[in-house]
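# Observations on chain architecture
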Amino acid sequence: MISGVDASPYEILRRELRDRPRTWLVTGVAGFIGSNLLEELLGLGQRVVGLDNFSTGHRANLEDVLAAVAATQHGGTFRLIEGDIRDVKACKKAMRGVDFVLHQAALGSVPRSIDDPATSNEVNVDGFIKVLIAANEAKVKRVVYASSCAVYGDSPMCPLTEDHFGTGLLLSPYAATKLTNEIYADVFQRTYGIQCVGLRYFNVFGPRQDPNGAYAAVIPRWIAKLLNGERCEILGDGETSRDFVHVSNVAQANILAALSERSVGQSPIYNVACGRETSLNELYRMIRLGLVGHLPAIAVNFPIHGPFREGDIRRSSADISRIRQQLQYEPTHSTAQGLGQALEWYVEHSAKGAAKQGEERTAALA
């Protein structure tokens, strides 16, 4: 155990995990959040099973994690099962011998769910039920699953507490799937006794978040554009705000939720965020300032302002009192600190990508 007044509850828990490893299943392990959970768990010497069908995840994420963990010489063990959460047989195979499930697999884009609500429902709802069925049969100790701040809809409250649930109208099929997950988790806990904890993620960012594609999140998309010398678009006047939370804080919340021995009622739900609003204008300035040292020309790269996106919530931030009090969660990275770390990763990998492209062009000419 860690001693001393400077040891946070999470640091104490991390030391205990190193001394007494568990077996974890991470669904969606090759995705952005899943791969960061894998990195944290392997760095703590845990036994990890990963389930992914690579529909949105990337094998390169797993390679990146395994290389990073190997360099630390603290790695646990990892076994990958390539499969779909909609396949109950794949879920049951992945659950064998597992203590805790961290369920991240989902189609996580609001615009994608609007374009294709049926597939979002199949993956996010039908797949979640298959995970719960398999976890219950395997008698896992607890399922921690990813919900979303989207379930608050267009609630006018700010900051949002878990008690504000239901004060706003849902704005997308994605939000409906996450609300349905929360309902099913509660029903499964009351009906079958399986312990479930839901985490309502706010705007998560960090290393390995994909900047490409039609549904890319704003932070990696802006970073990629700036590194390529392109201009970024801010929708509206830029004073729209969000609660941006670094993925390391999300990893902490998942592990605390899995191992907490406190009984907090039926299928508890927690906000996972930093508890601070950041406007899009402020976010852009932070990213641009962080990249100037790498590319001085970015200093004069000013954004383009487009029209407000229909249905966008003007302000969003979380009250994180409940998760602080009940799980002893405390963000280790502010938005600014998290951006600094993320920018280093994107710059490094951008340079590696450019070098690889150069090698390929040279080889093609030889």
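Remember, predicted model here, so these are calculated numbers, not experimental data. (Residues numbered from 1 in each chain as written. Predicted model: local features only at pLDDT ≥ 70, side-chain atom pairs only at ≥ 80, totals over all residues. Heavy atoms only, no water.)

Before going further, it helps to examine the pattern of salt bridges. Applying the stated criterion across every chain yields a total of 20 salt bridges. In this structure, the salt-bridge partner of Arg208 is Asp64, at a minimum N-O distance of 2.7 Å. Of this pair, Arg208 sits in the loop between β7 (203-205) and α8 (218-227) while Asp64 sits in helix α3 (residues 59-72), and the two are 144 residues apart along the sequence. Under the relative-accessibility criterion, Asp64 is labelled buried at 18%. The partner of Asp99 in a salt bridge is Lys141, with the nearest N and O atoms 3.9 Å apart. (Salt bridge = Lys/Arg side-chain N within 4 Å of Asp/Glu carboxyl O. Helix = DSSP H or I, 4+ residues; strand = E, 2+ residues; numbered from the N terminus. Buried < 20%, exposed > 50% of the residue type's maximum accessible area, 1.4 Å probe, protein only.)

For Val131, the location among the structural elements is in helix α6 (residues 117-138). Since its relative accessible area comes to 1%, Val131 is described here as buried. Considered as a pair, Val131 and Ala105 are 26 residues apart in the sequence and their alpha carbons are 9.9 Å apart. The residues contacting Val131, other than those within four sequence positions of it, are Ile85, Cys91, Met95, Val101 and His103. (Contact = heavy atoms within 4.5 Å.)

Let us now look at the pairing of strand β3 (residues 77-82). Where strand β2 (residues 47-52) and β3 come together, 6 bridges link them in parallel fashion. Looking at β3, one finds that Gly50 is bridged to Leu80. (Pairing = 2+ DSSP bridges.)

Here we come to the environment of Cys196. Locating Cys196 in the fold gives a position in strand β6 (residues 196-201). Residue classification places Cys196 among the buried residues on the basis of a relative accessible area of 1%. With 73 residues separating them in the primary sequence, Cys196 and Ile269 have C-alpha atoms 9.1 Å apart. Setting aside its immediate chain neighbours within four residues, Cys196 contacts Leu132, Val143, Tyr145, Ala185, Gln189, Ser267 and Pro268.

Our next topic: the packing of aromatic side chains. With the rule as written, the count across this model stands at 6 aromatic pairs. Ring geometry for Trp24 and Phe100: centres 5.1 Å apart, planes at 35 degrees, overall tilted. Of the two residues, Trp24 sits in strand β1 (residues 23-27) while Phe100 sits in strand β4 (residues 100-103), which places them 76 residues apart along the sequence. Taken individually, Trp24 and Phe100 each receive the classification buried, so the pair is uniform in this respect. Summarising the aromatic geometry, the rings of Trp222 and Tyr284 are spaced 5.5 Å apart at their centres and angled 80 degrees between planes, so their arrangement reads as edge-to-face. In this pair, Trp222 is assigned in helix α8 and Tyr284 in helix α10 (residues 280-292), connecting sequence segments 62 residues apart. What makes Trp222 buried here is its relative accessible area of 2%. On the accessibility criterion, Tyr284 (2% relative accessible area) is buried. Directly above the ring of Phe54 sits Arg59, whose terminal nitrogen or CZ lies 3.9 Å from the centroid. (Phe/Tyr/Trp six-rings, centres within 6.5 Å; stacked < 30°, edge-to-face > 60°. Lys NZ or Arg CZ within 6 Å of the ring centre and 35° of its normal.)

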